[in-house]
Amino acid sequence: MKPPIHLLLTPKFQTPTKAIYLYSLASLHSKVLTTMASFVPTQCLLQLLFVASLFPFISAARRLAQDQQPLLLQYHNGPLLSGKISINLIWYGKFKPSQRAIVSDFITSLSSSKTTPHQPSVAAWWNTIDKYYLLIKSKKSTSLGLSLGTQILDENYSLGKSLTSRNLKQLAAKGQQSNAINVVLTSSDVAVEGFCSSRCGTHGSSPSSKTAKVNGKISKFAYIWVGNSETQCPGQCAWPFHQPIYGPQSPPLSAPNNDVGMEGIVMNLASLLAGTVTNPFGNGYYQGSAEAPLEAASACPGIYGKGAYPGYAGKLLEDPTTGASYNANGVNGRKYLLPALLDPSTSTCSTLV
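All of these numbers come straight from a predicted model, not from anything done at the bench.

Q: Could you clarify how one ought to interpret unusual backbone geometry in this entry?
A: Note on backbone geometry: most residues besides glycine have negative phi, and most peptide bonds are trans. The linkage connecting Gln119 with the following residue, Pro120, adopts the cis geometry, with an omega of 0 degrees. When you line up the elements, Pro120 lands in the loop between helix H5 (97–109) and helix H6 (122–135). The omega angle of the peptide bond from Trp239 to Pro240 is 15 degrees, so this bond is cis rather than trans. Here Pro240 shows up in the loop between helix H8 (234–237) and helix H9 (260–278). Phi at Asn77 takes a positive value of approximately 70 degrees, unusual for a residue other than glycine.

Rendered as structure tokens:
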């Protein structure tokens, strides 16, 4: 069975190699110049001039998004999710109705461009995913329609407050197991194996227990898990709406839905949804190892707007009334911050703003 695919912690943990390299060099050259300046004898002038000549290269560290190298996700000839797919939400633990509405409105917004008068919209963000289907038009079904399915509440912690990866599959199995993505969302007081230490969420597939074999094979259903990091690790799983624990420091942004934990859930859920539909069973679109692949959204870590670099989410829209930062409009007047997606037609990270 294919192991689940984890969404790694923060942009700091997911920073591309080039970003780390340039950022480290910038710090190194700055330290060298400071040290040499205290020795100003004539014999050091040549070295100082040489170091000074490197400053254009140092400043380039802040222009990573503009200079990003093309990244191509390889198609591994497996199926993508297609047809009419219901997204079922399994709420594990205590969530307020207002919190559940933030996520359900996001799901509804994925295919509701006509009911979202303001642009850019969540539906426009999702349109990039359609390009992956067009690339294999001659080989596989290319139609995909997402809709909000059933919502299951487990407010009594039926499996306790400390969950394993196996428990997540058990919870996911509570939802419909045909033509569906079952999303398990755990509340802020629930500990999950690997949560905060190595992942913010995960997606995978599991053999269906409710469906007969199809063409002699056991059918599978796709599932996603995301945890509410509000009280456990918001600096890791809800950045940039919380001060990061590591890496470049910048003031946290104001959350558009006034709930840092739920903003983190939406950002991570958005990333995992993109990975789920384009690589549901481990043989779709990805680059690198099948156990730790780069997918449609995870290939663009920490990028939410143009000009993004490590520690800076990019140029975003700002609500004139609340000052909240966002890049996508949803139904019912919602605003969200959604991650960049790798555009397969340009092999670059695409942002809404």
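So, next bit.
Q: Whenever I open this one, the state of the cysteines confuses me. Can you help?
A: Here, the word disulfide means a covalent bond between the sulfur atoms of two cysteines. All told, the structure shown has three disulfides when counted by the stated rule. Bridging Cys200 to Cys237, the disulfide has an S-S length of 2.1 Å. Taking the torsion about the sulfur-sulfur bond, which here is approximately -85 degrees, the covalent link between Cys200 and Cys237 counts as left-handed. Highlighted residues: Cys200 in the loop between strand E7 (191–192) and strand E8 (201–207) and Cys237 in helix H8, separated in sequence by 37 residues. Cys237 shares its class with Cys200; the two are buried.

Q: When you look at the packing of H5 against H9 in this model, what are you seeing that I'm missing?
A: Helix packing geometry: the angle between the two helix axes and the distance between the axes. One can describe the packing of H5 onto H9 by two numbers: an axis separation of 10 Å at closest approach and a directional angle of 30 degrees. Taken as axis vectors, H5 and H9 run roughly parallel relative to one another. For the pair H5 and H9, the crossing hand works out as right-handed. For the pair H5 and H9, the contacting residues are Gln99, Ile102, Val103, Phe106 and Ile107 in the first and Met262, Ile265, Val266, Leu269, Ala270 and Leu273 in the second. Here the residues of the contact of H5 with H9 sort into ten nonpolar, one polar and no charged.

Here is what the cut-offs are and how they apply
Residues numbered from 1 in each chain as written. Predicted model: local features only at pLDDT ≥ 70, side-chain atom pairs only at ≥ 80, totals over all residues. Heavy atoms only, no water. Helix = DSSP H or I, 4+ residues; strand = E, 2+ residues; numbered from the N terminus. Disulfide = S-S within 2.5 Å. Buried < 20%, exposed > 50% of the residue type's maximum accessible area, 1.4 Å probe, protein only. Axes fitted to C-alpha atoms, helices over the stretch in contact; angles between N-to-C directions. Parallel < 35°, antiparallel > 145°, perpendicular 65-115°, else oblique. Left-handed = near helix turned anticlockwise from the far one by under 90°. Contact = heavy atoms within 4.5 Å. Nonpolar A, V, L, I, M, F, W, Y, C, P; charged D, E, K, R; others polar.

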